[in-house]
Amino acid sequence: MLLARRKVKIETERMTLRPPVHNDHRAWADLRRTSESYLTRWEPTWAADHLTRRSFTNRVYWAQRSIASGSAVPLFLTRREDERLLGAITLDNIRRGPAQAGTIGYWTGEAFARQGFMREAINALVHHAFHRMDLSRIEAACLPENTPSRALLETCGFKYEGVAQSYLQIDGRWRTHVLYAALRLDRRGRTDAG
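Because the structure is predicted, anything quoted here is derived from the model rather than measured. (Residues numbered from 1 in each chain as written. Predicted model: local features only at pLDDT ≥ 70, side-chain atom pairs only at ≥ 80, totals over all residues. Heavy atoms only, no water.)

## Some words on the overall build of the protein chain
Then comes step 1: Broken down by element type, the protein chain carries five helices and eight strands.
Then comes step 2: Mapped from its N terminus to its C terminus, the protein chain presents α and β elements in the order β-β-α-α-α-β-β-β-α-β-α-β-β.
Then comes step 3: Relative to a compact globule of 194 residues, whose C-alpha radius of gyration would be 16 Å, the protein chain shows 16 Å and is just as compact.
Then comes step 4: By principal-axis analysis of the C-alpha atoms, the protein chain measures approximately 45 × 40 × 30 Å.
Then comes step 5: Counting only residues that meet the buried cut, the protein chain has 47% of its 194 residues in that class.
Then comes step 6: Put simply, of all contacts in the protein chain between residues at least 6 apart along the chain, 62% involve residues at least 24 apart.
Then comes step 7: Side chains of the protein chain give 31 positive and 21 negative charges; the mean places of these two sets differ by 4 Å. (Helix = DSSP H or I, 4+ residues; strand = E, 2+ residues; numbered from the N terminus. Rg over C-alpha atoms; globule rule 2.2 N^0.38 Å. Buried < 20%, exposed > 50% of the residue type's maximum accessible area, 1.4 Å probe, protein only. Contact = heavy atoms within 4.5 Å. Lys, Arg positive; Asp, Glu negative; His and termini not counted. Charge placed at Lys NZ, Arg CZ, Asp CG, Glu CD.)

## Focus on the state of the cysteines
Then comes step 1: Here the structure, examined in full by the defined rule, presents zero disulfides.
Then comes step 2: Here cysteine 142 stays unpaired: no disulfide links it, and the sulfur of cysteine 156, its closest cysteine neighbor, is 12 Å away.
Then comes step 3: With relative accessibility at 12%, the residue cysteine 156 sits in the buried group. (Disulfide = S-S within 2.5 Å.)

## Some details on the confidence of the model for the protein chain
Then comes step 1: Summary statistics for the protein chain give a mean pLDDT of 92 and a share of 93% for residues scoring 70 or more.
Then comes step 2: Across residues 189-194, where pLDDT falls below 50, the model places nine contacts with residues more than four positions away in sequence or in other chains. (pLDDT = per-residue confidence, 0-100.)

Here it is in structure tokens:
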């Protein structure tokens, strides 16, 4: 299935998941800025120009190219009632051939955390990946101490699979992550391992 020939837009009960557009810059920068201390402990170090219009423009062009090539599906979460930006979710590192897999990453503004928005977004994107993109495996990783993210993944049907040493640079240093995966045909039970 070629993503280049169609637009990616996913509707949920409370949100629209859609690619970023240039007019999103102000809402995105404001949300990131007001949530900076909440986000930066879980993310790679922000570049000096992270919140600039130029950097955001590059992000929009990357999203367009990624969707067109089928290598990633970067989406913004907007609340349907008022079109307010809540956060973002990306299905990235899409591998075809024998793998049929991808990796999700996500963030939400601090004001919208723990209200079920990201659970709704993850479930919708995983469903899209399995049933519209024909992927078989969706992977995710988070810091071991990020208990809310781990609980979120488990609530969304992801299962713990192991630990990756020095997996990503987060907040300026290499950090070990716990790995999770959701499989289209998964029948595994929940585990407390890890």
